[in-house]
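Summary of structural features
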Amino acid sequence: MKIQKLVLLPLCGALLVGCQLFDKVKYQEDDYGKGVDSATAALRLTNAVALFNPRNFLCDYWQKQAGIPIVMQYKINGYLALVDGEIYDYSDADATGKAKVYVPENGKYYIDYDDVSKEPGYSRFITRGTIEATWFTYSEKDNEYTMNETGRNKYSLDTCKMKIKVEDDKITKIHFNFSTKKVECYADFTEFGKQNVKAPDPSQIID
């Protein structure tokens, strides 16, 4: 079984296996409500950072570049990401330039590796990024948070804006819209703390 390549490289629409097109699974803007006062905005930002940084969530991702659309869904728990039955382990990715991939086969898994040495910043942000409250400035008019240069530089982004959806005083979605000169991306993070993604037991590994 050939692994699905998750590194979202420029022109990766031609490289990814199993991606759905924008015209099949369209991105739709959600209702994030009206702007709030500065104290409420600051509290929401603090709570959003606390939800995001443990990296346990469902991520729905849309990317479009040069007319090539990509749609993917990740179930993420820490440095582990589950996509279409394959489990990616990014624990040592920054140090080694490779992500370990557990590929299912006949009820067990064999190990492969995905080269992330040339992975762009926006891909790294999705698979193992964190955020800081000091990176964002709130606009009550637009009810959104704009990431400053420090945060954008960490992930090689030209623009990045965040919206926070609150229902019954609880954050239910953190939305990002970010871009570089070549790509436009959207990412929705939901179902915080509910992703039970684990590496296979050693007895499940095929030698």
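Owing to the predicted nature of the structure, the values given are computational and were not obtained by experimental measurement.

The rules behind these values
- Residues numbered from 1 in each chain as written.
- Predicted model: local features only at pLDDT ≥ 70, side-chain atom pairs only at ≥ 80, totals over all residues.
- Heavy atoms only, no water.
- 1 Å grid on protein atoms, 1.4 Å probe; cavity = no way out; pocket = protein on both sides within 12 Å on 5 of 7 lines; lining within 4 Å.
- Points joined across faces, edges and corners; volume = space filled by probe spheres on them.
- Helix = DSSP H or I, 4+ residues; strand = E, 2+ residues; numbered from the N terminus.
- Nonpolar A, V, L, I, M, F, W, Y, C, P; charged D, E, K, R; others polar.
- Buried < 20%, exposed > 50% of the residue type's maximum accessible area, 1.4 Å probe, protein only.
- Contact = heavy atoms within 4.5 Å.
- pLDDT = per-residue confidence, 0-100.
- Pairing = 2+ DSSP bridges.
- Axes fitted to C-alpha atoms, helices over the stretch in contact; angles between N-to-C directions.
- Salt bridge = Lys/Arg side-chain N within 4 Å of Asp/Glu carboxyl O.

This paragraph deals with the layout of surface pockets. Put simply, the second largest pocket is a space of about 150 Å³. The element best represented in the lining of the second largest pocket is strand E10 (residues 170-179), accounting for three residues. Looking at the lining of the second largest pocket residue by residue, the classes come out as three nonpolar, one polar and three charged.

Here we take up helix H3 (residues 121-128). The element H3 is largely enclosed, with a buried count of seven among its eight residues. If you check which residues of H3 are buried, you get Gly121, Tyr122, Ser123, Phe125, Ile126, Thr127 and Arg128. Against helix H1 (38-52), strand E1 (56-65), strand E2 (68-77), helix H2 (93-96), E10 and strand E11 (184-190) lie the buried residues of H3.

Our next topic: the confidence of the model for the chain. Mean pLDDT for the chain: 89, with 87% of residues reaching 70 or above. Confidence over residues 9-23 falls short of pLDDT 50; this stretch has 39 contacts with residues more than four positions distant or in other chains.

For the rest of this paragraph, the subject is the sheet that holds strand E3 (residues 80-83). Reading across the sheet, the eleven strands line up as E6-E5-E4-E3-E2-E1-E11-E10-E9-E8-E7 and stay open at both edges, with antiparallel pairing between neighbours. Strands at the two margins of the open sheet, each flanked by one partner only, are strand E6 (108-115) and strand E7 (136-139). Between one strand and the next, the sheet's axes are offset by a mean angle of 25°, whatever the strand orientation. Here strand E4 (residues 86-89) pairs with strand E5 (residues 98-105) via three bridges, running antiparallel. When the sheet's bridge partners are listed, Asp89 is paired in E5 with Lys100.

Here the focus is the pattern of salt bridges. Summed over the entire model, instances satisfying the criterion amount to eight salt bridges. Between Asp94 and Arg128 there is a salt bridge; the shortest N-O distance is 2.9 Å. In this pair, Asp94 sits in helix H2 while Arg128 sits in helix H3, placing the two residues 34 residues apart along the sequence. When its relative accessible area of 9% is taken as the criterion, Arg128 is described as buried. Notably, a salt bridge pairs Lys161 with Glu144, separated by 3.3 Å at the nearest N-O pair. Here the residue Lys161 occupies a position in strand E9 (residues 159-167), and Glu144 occupies one in strand E8 (residues 144-147), the gap between them amounting to 17 residues. Exposure remark for Glu144: the relative accessible area of 11% places this residue in the buried category. Via salt bridges that share partners, Asp30, Lys165, Lys173 and Asp188 belong to a single interconnected network.

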